[in-house]
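Inside the fold
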Amino acid sequence: AMLDATGARALGEIVDRLAAQGVAVLLKGVSPQHARLLAAVGTLAPVLARGHVFADLPSAVAHARRHVAAGGAHAVPLQMGPLETAAGPTPVP
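Figured I'd write up the structure that's included with this text. Note that the coordinates shown come from a computational prediction; the quantities given were computed from them, not determined experimentally.

**A word on the overall build of the protein chain**
Secondary structure assignment for the protein chain yields four helices and three strands. Secondary structure of the protein chain in N-to-C order comes out as α-β-α-α-β-α-β. Residue pairs at least 24 apart in sequence account for 69% of intrachain contacts in the protein chain once pairs closer than 6 positions are excluded. Working note: accessible area of the protein chain is about 5200 Å², and carbon and sulfur atoms make up 61% of it.

**Here we look at the pairing of strand S1 (residues 23-28)**
Extensive coverage of S1 is indicated by the burial of six of its six residues. The alternating pattern of S1 places Val 23, Val 25 and Leu 27 and Ala 24, Leu 26 and Lys 28 on opposite faces, both of which are buried. Direction of pairing for S1 relative to strand S2 (residues 53-54): parallel, over a ladder of two bridges. In the sheet register, Lys 28 faces S2, and the bridge partner there is Phe 54.

**A short note on helix H4 (residues 57-69)**
Compared with the 18 Å implied by 1.5 Å per residue over 13 residues, the 18 Å span of H4 between its first and last C-alpha is a close match. Ala 60, Val 61, His 63, Ala 64 and His 67 are the residues of H4 that are buried. The buried residues of H4 occupy an angular sector of 160° when the element is viewed end-on, so they sit on one face. Seen from the open side of H4, the exposed residues pointing more than 90 degrees away from its buried face are Pro 58, Arg 66 and Ala 69. A distance of 2.8 Å separates the backbone nitrogen of Ser 59 from a side-chain oxygen at the start of H4, and that oxygen is part of Asp 56. Once H4 finishes, Gly 71 follows within two positions and takes phi at roughly 80°, a positive value.

What counts and how
Residues numbered from 1 in each chain as written. Predicted model: local features only at pLDDT ≥ 70, side-chain atom pairs only at ≥ 80, totals over all residues. Heavy atoms only, no water. Helix = DSSP H or I, 4+ residues; strand = E, 2+ residues; numbered from the N terminus. Contact = heavy atoms within 4.5 Å. Areas by Shrake-Rupley, 256 points an atom, 1.4 Å probe, with all protein chains shown as cover. Buried < 20%, exposed > 50% of the residue type's maximum accessible area, 1.4 Å probe, protein only. Pairing = 2+ DSSP bridges. Expected span 1.5 Å × (residues − 1). Arc of directions from axis to C-beta. Polar contact = N/O pair within 3.5 Å; in protein donor to acceptor, adjacent residues only side chain to side chain.

This is how it looks when you write it as structure tokens:
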């Protein structure tokens, strides 16, 4: 999948806006290529600092459930995979 600097910056803006509304964004399946680009434009650092980047969906969902159970921000996993750059908000059951 293709992700360019404009898309990476847009994702960063979305993450910032959601964080301002109390929504925690979790990223899953970030490829090494996308991670380098997201890091270069400053999008990845805040998400990494919060411990919100996961290799697999079960880990991201488990973390989201813990967030919600602890009364933290509502967590929204975003899956990044070979067919999409960001699959949009996925509700946590």
